Amino acid sequence: SIGQAGEFDYSGSQAIKALKEEGVKVILMNPNIASVQTNVGSGEGKADQVFFLPVTPEYVEQVIKREKPDGILISMGGQTAL
């Protein structure tokens, strides 16, 4: 989940929860420190790795090179996407 919303990312956290329920390893990239409320630490519905970085082409490319994901999910942030 890569998002750059200035509000709490409810839809993104729900997407992470659903992916984890399916056994998918989740890497989150989000510059919004509010993501720490639901996406840091271990447990059900939590991302496996969190990068608090600006969502720019350069940083996204660095994370992709490091993590080598099978896929990328882009979320819109907030409750709007629900």
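Every value quoted in this text rests on a predicted model; they were computed, and no experiment measured them.

About the cut-offs
Residues numbered from 1 in each chain as written. Predicted model: local features only at pLDDT ≥ 70, side-chain atom pairs only at ≥ 80, totals over all residues. Heavy atoms only, no water. Helix = DSSP H or I, 4+ residues; strand = E, 2+ residues; numbered from the N terminus. Buried < 20%, exposed > 50% of the residue type's maximum accessible area, 1.4 Å probe, protein only. Contact = heavy atoms within 4.5 Å. Areas by Shrake-Rupley, 256 points an atom, 1.4 Å probe, with all protein chains shown as cover.

S.K.: Explain the overall build of the protein to me, please; I cannot follow it from the model alone.
M.R.: Each helix and strand in the protein was counted, giving three helices and two strands. For the protein, the succession of helices and strands along the chain, N to C, is α-β-α-β-α. A total of 82 residues make up the protein; the buried ones form 32% of that total. Residue pairs in contact within the protein that sit at least 24 positions apart in sequence constitute 58% of those at least 6 positions apart. When the accessible surface of the protein is totalled, it reaches about 5,300 Å², and 53% of it is carbon and sulfur.

That is the geometry; function is a separate question.
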